[in-house]
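# Chains, contacts and geometry: an overview
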Amino acid sequence: MALNRDDKSPLFAPGVAGTLRLIVYLALACVLMVLDHRGGWLANVRYGLSIVIEPVYRIAGLPSQGFQAATVAFADRQRLTEQNQRLREDLLLANAKLNRMASVAEQNQRLKELLDTQHSLSLNVQLARLVGVDLGPFRHRIVLNLGARDKVQQGQVVIDARGVMGQIVDVMPTTSVAMLITDPNHAIPVTIERTGLRTVAYGSRAGDMLTLPTIPVSADVQAGDKLVTSGLGGRFPPGFPVGEIRDVAQTASGTFLSAQAKPAADLDRSEDVLLLHDLAEPAGPPSLAPEAGPPASMAPDPNTPPAAPTPAPTLPSVTSPTTSRVAPARASTAGSTP
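Right, let's walk through the structure included here. Bear in mind that the values here come from a model prediction, so they are computed numbers and not experimental data. (Residues numbered from 1 in each chain as written. Predicted model: local features only at pLDDT ≥ 70, side-chain atom pairs only at ≥ 80, totals over all residues. Heavy atoms only, no water.)

Per the secondary structure count, the protein includes 3 helices and 12 strands. Burial statistics for the protein: of 338 residues in total, 22% are counted as buried. Taking all contacts inside the protein whose residues are at least 6 apart in sequence as the whole, residues at least 24 apart take part in 55%. (Helix = DSSP H or I, 4+ residues; strand = E, 2+ residues; numbered from the N terminus. Buried < 20%, exposed > 50% of the residue type's maximum accessible area, 1.4 Å probe, protein only. Contact = heavy atoms within 4.5 Å.)

Structure representation (structure tokens):
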């Protein structure tokens, strides 16, 4: 039987050729590795190839590095934002504490001034705190934290460390309402301290000024004159500061002078005020005046024995003329008479 030439031998099959090429390549690689290990012939080749291949590695690693950098940046930004928020809260808290300390210091200063006023004038007063305000074009009033339970009475005078603020007009069980001297319905008798002129200061709708509309034209009134309570009417004790004249002008009718005065009290800043109590009238006749006499330093010491009495001085004797010398003269005179 003849052999078929189309049938190929396994020795020349395509798979055998590939295996032979693989064996050749492996042998060549082993030879190169041995030569490189012993003589270092491929070092320059690797160095040159690394110059070409390194950018490829960098380009291939850019997405991973970018993602990592973005993650770190986002985390740092979030951490910085939180830290900035905490620092901002701490700053606000520190500013609030500082403002509170400044407010407390100012309040202590006002209380000290009130106590100094009380001690200097020896007044029967009661400390009250402002808890509300009722300010408008027709009402200038404040609400205090003392009422009928604290023995507050209608008509009591309200002052601060600088001057008169107003008077109590309404009393509730635990609070009271005071009308300020700038209220349009309020009037207070005053005296110009420099000249002694008595007049009446009224409130105004402006809310921060007093009006004196009935000053005589011939009166000596100037800007800067001080106003004090006159004591007329029996409501406001005399001598308390009321305000300072800022402007003087003649009225439209020309019959009076009109003046504008700035209140002496801190009507818009005072938080603590004093309520004046009426001083009790003394009962019975007035006390006797102290006996007048030499000072106590000149009084004799009771432990010192009394000194011996000093003898009275003797006066020189005066000899009166005798009648024997006068009688002959009279006799001779009588004998000579015819």
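So that's the structure; there's more coming.
With that settled, the discussion passes to the pairing of strand E5 (residues 176-180). Taken across its 5 residues, E5 has 5 buried, putting it largely inside the fold. What you see with E5 is no split at all: Ser176, Ala178 and Leu180 on one side and Val177 and Met179 on the other are buried throughout. Across 5 bridges, the pairing between strand E4 (residues 164-171) and E5 is antiparallel. Looking at E5, one finds that Ile168 is bridged to Ala178. The hairpin turn running from E4 into E5, its antiparallel successor, is 4 residues long. (Pairing = 2+ DSSP bridges.)

The subject of this paragraph is the pattern of salt bridges. Evaluated as defined, the whole model comprises 9 salt bridges. Notably, a salt bridge pairs Asp225 with Arg194, separated by 2.8 Å at the nearest N-O pair. Highlighted residues: Asp225 in the loop between strand E8 (210-216) and strand E9 (226-229) and Arg194 in the loop between strand E6 (187-192) and strand E7 (198-203), separated in sequence by 31 residues. By relative accessible area, which is 6% here, Asp225 ends up buried. Judged by its relative accessible area of 42%, Arg194 is partly exposed. It is possible to trace a salt-bridge network through shared partners that takes in Arg162, Asp266, Asp268 and Arg269. (Salt bridge = Lys/Arg side-chain N within 4 Å of Asp/Glu carboxyl O.)

Time to look at the sheet that holds E6. Overall, antiparallel pairing links the 6 strands, which are arranged E6-E7-E8-E11-E10-E9 in a closed barrel. Pairwise comparison of adjacent strand axes, ignoring direction, gives a mean angle of 40° for this sheet. (Axes fitted to C-alpha atoms, helices over the stretch in contact; angles between N-to-C directions.)

One finds Leu144, Val158, Val164, Met165, Leu212, Leu227 and Leu275 to be the most contacted residues of the largest nonpolar core, which totals 38 residues. Ranked by residue count, the leading element in this core is strand E12 (residues 272-276), at 4 residues. In contact with Val158, not counting residues within four places along its chain, are Leu144, Val164, Met165, Gly166, Gln167, Ile168, Ala178, Val273, Leu274 and Leu275. (Core = buried A, V, L, I, M, F, W, Y, C linked by side-chain atoms within 4.5 Å.)

Looking now at the sheet that holds strand E1 (residues 125-135). Spatial strand order, E1-E2-E5-E4-E3-E12: 6 strands in a closed barrel with antiparallel pairing. In this sheet, neighbouring strand axes are inclined to one another by 45° on average, regardless of whether the strands run parallel or antiparallel.

Strand direction decides the pairing type here: E6 and E7, joined by 5 bridges, are antiparallel. Bridging across to E7, Thr191 finds its partner in Arg198. Counting the residues between successive antiparallel strands, the hairpin from E6 to E7 contains 5 residues, one of them, Gly196, with a positive phi of roughly 80°. Pairing between E6 and E9: 3 bridges, direction antiparallel.

So, about unusual backbone geometry. One non-glycine residue, Lys151, lies in positive phi territory at about 65°. Secondary-structure assignment places Lys151 in the loop between strand E2 (140-144) and strand E3 (157-159). Using a relative accessible area of 68% as the deciding quantity, one classes Lys151 as exposed.

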